[in-house]
Structures are given as C-alpha cells and as structure tokens.
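Single-letter residue listing:
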Amino acid sequence: MQHGSGPNGEKQSKLEKGCHTLQKAFEEKVVAAVESGYRRPFTGADHMAMYTVVYDLCTECNLNNAINKAPDVLYSTYAEMVTKYLKERRIESTGMSADKLLRLVVQRWENHKMIVKTTVKVFGYLDRFHTKHTALDTTTDKGLKCFLTEIYSAVKVDLRGAIFEHIQREREGEVVERGLLRQAIGVFIDMGIGDDCYETKVYNVDFEAPFLTFTGNYYEREAKRWMAENSTTEYMKKAEQRLNEELQRAEAYLHRNSEKPLIRVVEQKLLETLLNLEETGFIALLQDNRLDDIARAYRLFSRIAKGVPPISRLMYEYVTSEGKQIVQKHSSSPELCYKAYTKDLLDIHQKYRSILKNQLNDDPIFAKSIKDAFEAFVNQPVQSHVKGAPPGTPTIKETTVEAIARFCRQRRLREVSHFEAEDATRCAIYVASGRHAEGQEPVCRLAGEVQEPPGCEEDDLRLRRDDASFDNRLLALVSNLPTQRPRASEGCHRRVRHVLRLRNAEPQTELGSLPRDGDDRRRVQPAEVPAANDDISSLRAPVIQSQG
C-alpha cells in the first residue's frame, strides 16, 4: 500500500510503522520474557521504548490533526496482538488427561495475566485519556476478555470435568493437589471480568450449579449404599465425617459463596435419608444408652430444617413408655414402697435431664418433650396395698405426686434421710409444677397436713440443726428453680413452706417476698444454726433479703 507524500500520508505511515514496532516488541520482549519465566528479562528500557511510541503517536496527532485516529488504531492494535498470541496457544483438550489439562489451563491463564499486566503499562496513556471518555473496556478488561473468547470458551466444559474428576478422587480417599484445584477453579471466578457481580455470575453458571448437581448425585448414591451396608450408628458416623470433609473442601479451594449451598446439598441427600432411617434407630440408641451416638444424632438432625421435631416425638414416646413401666412395676408389688418408687422416678428424671444437658444441648424442643412425657406418666395412678390390712382389702390408687408427698411425710417422721427427702422434693416440684389430674390432691396440702410424731419433744439438737440445714438448701434450690408459669412458681414456694416448716418457728418471709425466676437481686441467706447451749426457740428459717 502506497501513501501520498503529503502530511496526512506521512502521519499514516508513521502510525503504521509505530504499530508494527509495538507488535514486534510485544512478541519478542513481553511474551518471551513471561513464557521463559523472565529468564529473558523485559527491562525498564524496553518498557520505556514501547511507551514512548504510544505517547508520541497520540500526542503528535492531537497537535496536528483535529480528528485524532491514533488512540482508536492503537487500541485495535493492542486487541489484535493479544488475540493473535492466544490463538497460537489454543488448547486441544481431546484425549488429554485431567491432571495435564488442569496444569496447562492454569499455566496459560497465569501467563496471560502477566502479559496483560505488563502490556497495560505500555498502553497506559489510552486508559488515562481515551477509554475513560468512551464506552470501550479498559485495556486490562479487554486483554482478559480475549482469553475468555479464545481459550476459556473452548475448554471450559473439559476443564470442569477434569476438576470434578479430581474432587471425586479426593472423596474416595486419594490425595490430590488442592493448590492446583484452587487455581483451576479460580479461572472460572476470574472469567466474570467487567460484571458487577463477577464473583458469582460466570462462576455460578459455568461451575457452581453443575458442581452442586454433581455433588447431589454422588451423595445420593452413597446414601443408598451406606443404608444397605451399614447400621444406623455407622451411617451417622460416615455422614458426619463427610459433612466435615465437604466443609474443609469448600474452605480449601471453592469460592466463599459456595460453602452454604454445598453443605445444604450434602445435608439434604444424607440427613433426610437418615431421618427416615431413624424411625427405629433412635429408639435403639435410647434403649442402649449410647450417649455419643445420641449426641451425634442431635448434631446431624439439628442441621436440617424440621429435623429435630420428629426425633423429639420419638423421645417423648420412649420416655413415656419407660415411665409407665415404672408405675406398673410398683403397682404390681404386694406393697408400695414409697422410697423405692421415688428412687426409680429420680433415676429416670436424672438420666434424661443429664441427656438433655450434655447430649441435646438443652434444646427447648427436647426439653418440652421430656417434660410432657413426665407429666404423662406421673398422672397415672399407682395402686398400693394398705399396710397391715387383712387379705382381700381393696387396693388404694394414688397418683405419683401423692406418693412423693407421703415419702416427704416419712422424712418428717424421721424414717428417711434428709438428702433422700431433698431429692424427692426436687422431683415432686418438677413433676407437679401446677398440672394435676382432675380431683387430685395438691402436693402442698398432702405434705402440709402432717401430724407431729409422738416423742417429738425429745428430739436432740442435732436433728434440729439438720432440719435448718435441709430447709436452707431446699429453699435455695426452689428459689432458683426455673419455671415457665408464675402460678407454678408460687405453688413451688407454698410446697416448700408446708413440707419443710420448722416446728417452733414459721418462715418470716411472706410468699410475695420470695424471689421469682430470673431475679438475680435476691439471695437466700444461710439459716442461723444455734450453738449447743443455745435455746432452740431462737432458730429461724432462712430469710430472703434484697441486695440493694
């Protein structure tokens, strides 16, 4: 092509010559330096030579020509030489191993980013005075989008398949190079150049959505295989282990926004199947008292929506059944032993309160199930025979609350120890917190109508001191006892006042001054214990005072 000898022809010839110089320097200096690992360095002098060409072409045309075509020509030249470089390095992925493909794509992308970073400094004048005033992409975005068009679009499907293959091998126990996986997945993340939500747009469509489908299909097959080959306990162990592994996998090389969707898919495929499997499995864990497995089951079920209520219902049914067995066992005995019956109630109460605290994390749904279960069986009548009655005398039906109240009465008659009565009263307060069957005598009335035993005046001072200590402990217990209903709270205080009333000294505090639940400003002060030579009439019940 020949150009005229006028000024315009000379300028056009100079522009073409400058573009040719830039293309040659790009191939021989920039690309060679990057692909050789900078063994052939791209020096500062090389950079200044290329930058000067761009600057002179833009500024000279600005001074001598009203219509400045140099920036547009230079911008096109930049895009052409980057595109040419990428076309010469396209990847033929057919028949290539997954590991080799990952390494090759990662290498191409890392080299391309370095080439663009270096070249953008040469064409920096265009970004400052040309692209910012037009609708064109910056030189950085333009260079990276060339990779999207020439390399990524052709290889993304095979690249995704290679990543899936590595992840599946890792799930099956093989050791893979997580750093390589992180770099390969980073290609999908970086391909959203120029989008406002670049971190989620291309990555979500091209990688995350297919990956979640791939993961769901994998764990659906695993769940069926585990169900056929393993017990419930082993299934739960494997499910918990896989959930922890997927969490570590997400943190190691996936995008941060992929963690929650990934865990949600795994929970859905593994735990919903486990929930159906647990219709009989959870009962077996309770029967065998396998505390670690109970805690594991709770951890797993609490991860999914509506996962806790089904097994809490199983807990309610099992505790109710176990409690009814205790009632039936003592009802069939020749004579009801209040001490043994109360001990069995305390044992089951302590057992499930401990499970609730240590294995079930004080979950309110399980707490309600256990409480409802106790209320269900303690209101069942227990049959007892009258002591010393002639044969054929009909049995007497008592409720559990009545039996515990009679046990507390035996304590007043010095037939049981103070500590046994304290535990019994604790259980009575728990199971009789305001809900009684119709026609049932309240425990406060049963325990309060106690006749003083003969010879009570000859009780020694030691027993009086034990009474005061017991009263102090039990009042402190009830004062801090959590209750959900104000009426139940008042009932608890009344029971203690009746059951633990001292013989010669009524408590000085009125019911309204007793501390309520959650009131941390009131404290139970220790009861005064008289010395050996003091008058026992000076003994008083613990007085509750307000601190400030």
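Everything numeric here is computed off the predicted structure, so don't read it as measured data. (Residues numbered from 1 in each chain as written. Predicted model: local features only at pLDDT ≥ 70, side-chain atom pairs only at ≥ 80, totals over all residues. Heavy atoms only, no water.)

With that out of the way, let us pick up the overall build of the chain. Scanning the chain from terminus to terminus reveals 19 helices and four strands. Out of the 548 residues in the chain, the part that is buried amounts to 47%. (Helix = DSSP H or I, 4+ residues; strand = E, 2+ residues; numbered from the N terminus. Buried < 20%, exposed > 50% of the residue type's maximum accessible area, 1.4 Å probe, protein only.)

Another point: the environment of Lys69. Tracing the backbone through its elements, the reader meets Lys69 in the loop between helix 2 (44-64) and helix 3 (70-87). As a C-alpha pair, Lys69 and Cys58 span eleven residues in sequence and 8.4 Å in three-dimensional space.

Since the α-helix advances by 3.6 residues per turn, residues separated by three or four positions end up pointing in the same direction. Here helix 7 (residues 178-190) is 13 residues long and its end C-alpha atoms lie 18 Å apart, about the 18 Å a rise of 1.5 Å per residue gives. Along helix 7, the positions that sit buried rather than exposed are Leu180, Leu181, Ala184, Ile185, Gly186, Val187, Phe188 and Ile189. Close packing links the buried residues of helix 7 with helix 4 (98-122), helix 6 (139-171), helix 8 (201-229) and helix 9 (232-253). (Expected span 1.5 Å × (residues − 1). Contact = heavy atoms within 4.5 Å.)

Moving on, we come to helix 8. If you check helix 8, its first and last C-alpha atoms are 41 Å apart, about what 29 residues at 1.5 Å a residue would give, namely 42 Å. The largest bend in helix 8 comes to about 35°, at Glu208, with the proline Pro210 one to four residues further on. (Bend = angle between axes of the 7 residues up to and from the residue.)

This part takes up the environment of Asp372. Mapped onto the elements, Asp372 comes out in helix 14 (residues 364-378). What makes Asp372 partly exposed here is its relative accessible area of 23%. Here the alpha-carbon distance between Asp372 and Val319, two residues 53 residues apart in the chain, equals 9.4 Å.

Counted by the stated rule, this structure contains 33 salt bridges. Across the pair Arg103 and Glu177 runs a salt bridge whose closest N-O atoms are separated by 2.7 Å. Separated by 74 residues along the polypeptide, Arg103 in helix 4 and Glu177 in the loop between helix 6 and helix 7 bring together distant segments of the chain. The salt bridge partner of Arg303 is Glu267, with a shortest N-O separation of 2.9 Å. (Salt bridge = Lys/Arg side-chain N within 4 Å of Asp/Glu carboxyl O.)

Taken over all residues, the pLDDT of the chain has a mean of 74, while the share at 70 or more is 66%. In the predicted structure, residues 429-467 sits below a pLDDT of 50 and forms 79 contacts with residues beyond four places in sequence or in another chain. (pLDDT = per-residue confidence, 0-100.)

This part takes up the nonpolar core. Core analysis: the biggest nonpolar cluster contains 119 residues, and Ile163 and Met315 have the highest contact counts within it. Once residues within four sequence positions are removed from consideration, Met315 is found in contact with Phe282, Leu286, Tyr352, Ile355, Leu360, Phe366 and Ile370. (Core = buried A, V, L, I, M, F, W, Y, C linked by side-chain atoms within 4.5 Å.)

Along the chain, the position of Arg290 falls in the loop between helix 10 (259-288) and helix 11 (291-301). What makes Arg290 partly exposed here is its relative accessible area of 31%. Ignoring any residue separated from it by four or fewer positions in sequence, one finds Arg290 in contact with Thr233, Ala284 and Leu285.

Okay, the state of the cysteines next. Evaluated as defined, the whole model comprises zero disulfides. Cys58 supplies the cysteine sulfur nearest to Cys19, a cysteine that is in no disulfide, at a spacing of 9.6 Å. Using a relative accessible area of 8% as the deciding quantity, one classes Cys19 as buried. (Disulfide = S-S within 2.5 Å.)

Each pair of aromatic rings is reported with the distance of its centres and the angle of its planes. Considering all chains together, one arrives at 17 aromatic pairs under this definition. Each ring, one from Tyr298 and one from Phe366, has its centre 5.9 Å from the other, and the planes form 70°; the classification is edge-to-face. Residue Tyr298 is located in helix 11, and its partner Phe366 is located in helix 14; the two are separated by 68 residues in the primary sequence. Given a relative accessible area of 0%, Phe366 falls into the buried group. Here a set of aromatic residues connected by ring pairs shows up, and it is made of Tyr152, Phe164, Phe188, Tyr203, Phe207, Phe211 and Phe214. (Phe/Tyr/Trp six-rings, centres within 6.5 Å; stacked < 30°, edge-to-face > 60°.)

Turning our eyes to something else, we now look at the packing of helix 12 (residues 308-331) against helix 13 (residues 338-358). Two elements in contact, helix 12 and helix 13, have axes whose closest approach is 10 Å; the angle formed by their N-to-C orientations is 165°. When the axis of helix 12 is compared with that of helix 13, the two are roughly antiparallel. For the element pair helix 12 and helix 13, the recorded crossing hand is right-handed. Side by side, helix 12 and helix 13 meet where Met315, Tyr318, Val319, Glu322, Gly323, Ile326, Val327, Lys329 and His330 of the first sit next to Ala340, Tyr341, Asp344, Leu345, Ile348, Lys351, Tyr352 and Ile355 of the second. The residue inventory of the contact of helix 12 with helix 13, partitioned by class, reads eleven nonpolar, two polar and four charged. (Axes fitted to C-alpha atoms, helices over the stretch in contact; angles between N-to-C directions. Parallel < 35°, antiparallel > 145°, perpendicular 65-115°, else oblique. Left-handed = near helix turned anticlockwise from the far one by under 90°. Nonpolar A, V, L, I, M, F, W, Y, C, P; charged D, E, K, R; others polar.)

The residue Asn289 is not glycine, and still its phi comes out positive at about 55°. With respect to the helices, strands and loops of the structure, Asn289 is situated in the loop between helix 10 and helix 11. Under the relative-accessibility criterion, Asn289 is labelled partly exposed at 38%. Despite not being glycine, Asn361 has its phi angle at roughly 55°, a positive value. Inspection of the secondary structure puts Asn361 in the loop between helix 13 and helix 14. Residue class for Asn361 comes out exposed when judged on its relative accessible area of 59%.

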